[in-house]
Amino acid sequence: TRVAKQHGHPSSSTGQYSAPSSSRPGRVLPITALLIIVAVETRRCTGTTGAARAAVAPSTASEAPREQVKDCCRKLVAFMCTQVGVGAMVFGYTLVGAVIFMHIDEKGQNIQQEAAMNETRSDYSVKLYGAAVRNNILDRTVLSLLCTFFLTIPNIFISKRPRRLIPSAKGFFRETDDVLKRYQIEVVNIYRKGYDPQDKWTFPTALMFSLSIITMIGYGNMVPRTPYGRLATVIYALFGIPLYILYFLNVGDALAGVFRWVYHWIYECSTEPNGDEPPKKIIVPSTACLWVLVAYVLTGAIMFGAWERWNFLDSVYFCVTSLCKLGFGDLVPGVSVDASNHANQTKLVINFVYIAFGLALVAMCYNLMREEIREKVKELREDTAQCLEDTRVRLVACYNRCRGVEDVEVYQ
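Residues numbered from 1 in each chain as written. Predicted model: local features only at pLDDT ≥ 70, side-chain atom pairs only at ≥ 80, totals over all residues. Heavy atoms only, no water.

(A) Inspection of helix α10 (residues 312-323) at higher detail. Relative to the 16 Å expected for twelve residues at 1.5 Å per residue, α10 spans 17 Å between its end C-alpha atoms, a close match to the ideal helical length. By the burial criterion, the buried members of α10 are Ser315, Phe318, Cys319, Thr321, Ser322 and Leu323. Lys325, located one to two residues past α10, shows a positive phi value of around 60°. (Helix = DSSP H or I, 4+ residues; strand = E, 2+ residues; numbered from the N terminus. Expected span 1.5 Å × (residues − 1). Buried < 20%, exposed > 50% of the residue type's maximum accessible area, 1.4 Å probe, protein only.)

(B) The arrangement of the packing of aromatic side chains in detail. A full pass over the atoms with the stated rule returns 16 aromatic pairs. Note on Tyr93 and Tyr236: the rings are 4.5 Å apart at their centroids and 10° apart in plane angle, and the pair reads as stacked. Here Tyr236 lies in helix α8 (residues 227-270) and Tyr93 lies in helix α3 (residues 83-105), a separation of 143 residues in the sequence. Overall, Tyr93 belongs to the partly exposed group, its relative accessible area being 22%. With a centroid separation of 6.4 Å and 5° between ring planes, the pair formed by Tyr317 and Phe328 is classed as stacked. With a gap of eleven residues between them, Tyr317 in helix α10 and Phe328 in the loop between α10 and α11 (342-411) connect regions that are remote in the sequence. Following the ring pairs from residue to residue traces out a cluster consisting of Tyr219, Tyr296, Phe304, Trp307, Trp310, Phe318, Tyr354 and Phe357. We note Lys127 situated over the ring of Tyr124; from NZ or CZ to the ring centre the distance is 4.4 Å. When the ring centre of Phe248 is taken as origin, the NZ or CZ atom of Lys325, which lies over that ring, is 5.9 Å away. (Phe/Tyr/Trp six-rings, centres within 6.5 Å; stacked < 30°, edge-to-face > 60°. Lys NZ or Arg CZ within 6 Å of the ring centre and 35° of its normal.)

(C) The arrangement of the UniProt feature "transmembrane region" (unreviewed entry) in the protein in detail. As recorded in UniProt, the feature "transmembrane region" (unreviewed entry) lies at residues 76-104, 137-158, 201-219, 231-250, 288-307 and 348-369. The annotated region residues 76-104 carries 93% helix and 0% strand content, and the separation between its end C-alpha atoms amounts to 30 Å. From the first C-alpha to the last, residues 201-219 spans 15 Å; its make-up is 63% helix and 0% strand. (UniProt positions renumbered as here; feature names shortened; annotations may be inferred.)

(D) Geometry of empty space enclosed by the protein. Summed over the entire model, instances satisfying the criterion amount to three cavities of 30 Å³ or more. Roughly 70 Å³ of internal volume is contained in the largest cavity. Looking at the largest cavity, the residues that line it are Val90, Phe91, Thr94, Leu211, Ile214, Thr215, Tyr244, Tyr247, Phe352, Ala356 and Leu359. Of all the secondary-structure elements, those providing two or more residues to the lining of the largest cavity are α3, α7 (203-214), α8 and α11. Partitioned by chemical class, the residues of the lining of the largest cavity number nine nonpolar, two polar and no charged. (1 Å grid on protein atoms, 1.4 Å probe; cavity = no way out; pocket = protein on both sides within 12 Å on 5 of 7 lines; lining within 4 Å. Points joined across faces, edges and corners; volume = space filled by probe spheres on them. Nonpolar A, V, L, I, M, F, W, Y, C, P; charged D, E, K, R; others polar.)

(E) Looking closely at the UniProt feature "coiled-coil region" (unreviewed entry) in the protein. The feature "coiled-coil region" (unreviewed entry), as annotated in UniProt, sits at residues 363-390 in this numbering. End C-alpha to end C-alpha, residues 363-390 measures 40 Å, and it is 100% helix and 0% strand.

(F) Here's a closer look at the packing of α7 against α8. Between α7 and α8, whose axes approach to 8 Å, the crossing angle comes to 65°. In this structure, α7 contributes Phe209, Ser210, Ile213 and Ile214 to the contact, and α8 contributes Thr233, Tyr236, Ala237, Gly240, Ile241 and Tyr244. (Axes fitted to C-alpha atoms, helices over the stretch in contact; angles between N-to-C directions. Contact = heavy atoms within 4.5 Å.)

(G) Just the confidence of the model for the protein, in detail. Within the protein, residue pLDDT values average 75, and 67% of them lie at 70 or more. Note on residues 51-57: pLDDT under 50 across the span, and zero contacts to partners over four residues away in sequence or across chains. Low pLDDT, under 50, characterises residues 153-167; the predicted model gives this stretch seven contacts beyond four residues in sequence or across chains. (pLDDT = per-residue confidence, 0-100.)

(H) Focus on the pattern of salt bridges. A full pass over the atoms with the stated rule returns four salt bridges. Its salt-bridge partner being Asp178, residue Arg182 comes within 3.1 Å of it at the nearest N-O pair. With a gap of four residues between them, Arg182 and Asp178 both fall in helix α6 (residues 165-192), about one helical turn apart. A relative accessible area of 33% places Arg182 in the partly exposed class. You can call Asp178 partly exposed: its relative accessible area is 39%. (Salt bridge = Lys/Arg side-chain N within 4 Å of Asp/Glu carboxyl O.)

(I) Broad picture of helix α9 (residues 286-308). Given a rise of 1.5 Å per residue, 23 residues ought to cover 33 Å, and the 33 Å separating the end C-alpha atoms of α9 matches this to within 8%. Of the residues making up α9, those classed as buried are Ala288, Cys289, Tyr296, Val297, Gly300, Ala301, Phe304, Gly305 and Glu308. Remark: Arg309 follows α9 within two positions and exhibits a positive phi of approximately 60°.

(J) Layout of unusual backbone geometry. One non-glycine residue, Met216, lies in the positive phi region at around 65°. Along the chain, Met216 falls in the loop between α7 and α8. Exposure remark for Met216: the relative accessible area of 41% places this residue in the partly exposed category. Positive phi is not limited to glycine here, since Arg309 has a value of about 60°.

Here is the structure:
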C-alpha cells in the first residue's frame, strides 16, 4: 500500500488506482506495485468466481442423482436387449401375469357352488352310511347264493329259510339306489349353475395360463370368468406375444451357438486332421436337430406317462401338440378333481419348465436348420450358375462349329 501511495493515488477504496500525479512524464510504476495491483484484481475475480461457483453448486448437486438414474436406465435397457435379459424379461412377465390373473379371477370363483357341492357330498355320504346301518346284510353275491341255496333245497328245509334276509336285501338296494339317484340329480344341478372342480386359480395354474397366452398354445382348460380378467387377458397378450417372439429369436441364436460349438468339438475329436486339405466350414446337419427334438419328446412322454397314467401314444400326443403350439386342451397334466393337491401343482410347475425349455429347443433347431438350408441354397445357386455357364459355352462352341462348316461349304 505504501508503494502504491508513493507512485499513484487511490481513486477509491475498491483497489483501483489512477495514474501518478507527478509532473515528471513517462514515469512507470515499479514491479512491486504492479504485482500488488494484479494480486488485488485476482482476489476480486476469485471472490466473484467463488460466489458463482457457490450459486451453481446446488444445481450440480441436484443434477447428479438424475444423471445416475439415467445411467442406470441405459444399463438396464442394454441388459434387456441381451439373450439373458430377454429370457429374464419373459419369465418375469409370466410371473407378474400369474399374480395378476390369480388376483383378478380368484374373485370370480363361485364360492357358494363349491360350498354347496361339499355340503351335498357330506349329506349323501351320511345317508348312504345310514342305509348300510339300517340294512346290515352280507355281500350281494353271497346273498344271492344263499337265496338260491335256500330256495332249491327240499321242502323239509323250507321252514328254516332266512325269510328276513331277502326283504332286508331288497330294502338295502332300494334305499341306496334312491339315495344315489337323488345325489346324481343334486350334482347335475350344481354343475349347471357353473360349478367346475378344475376352475381353481392357484399360482401354478395361473402360471400355466400366462405361458399359454404369450406362447399362443391356449390349452383352454382354464379361462377367465370375470370381465376384468378377459380385459387383462387381451392387454397381456398384446404385449406378451411380441416379447415371446423376441425371446424365441434371441434364445434360439444363443442355444444354436452353444450346440454348434459342441458339434464342432465332437466333429474335430472324431476326425483326423489333414494338413493338405484346406479347412472347410462345418454345418450342423438337420438330422442332429431332429434327434434332439425326438429325444426331448420321448423324455416328456415317459415323464408325463408315469405321472398321469397316460399311455405312450397320449403322452407323445401331448408333448408334440404342446411344442408345436397347437394346445387342444384335451390332455393337460396336473388337472384332476382335486386341483389343489400339492402333487398336481408341482406337475403344473414342471410342465411350465418343460414347455418353456422345449420351445427354446425348437427355436435352436429352427436356427440350425435355417443355416443348413441357406448353405444348401447357396450351393444349389452356385451349381446352377456353373451348369448354365457350361451350357452356354457348349452352345457357343456348337454354334461356332456349325458356322465354320457352313462357310467351308459355301466357299467350295
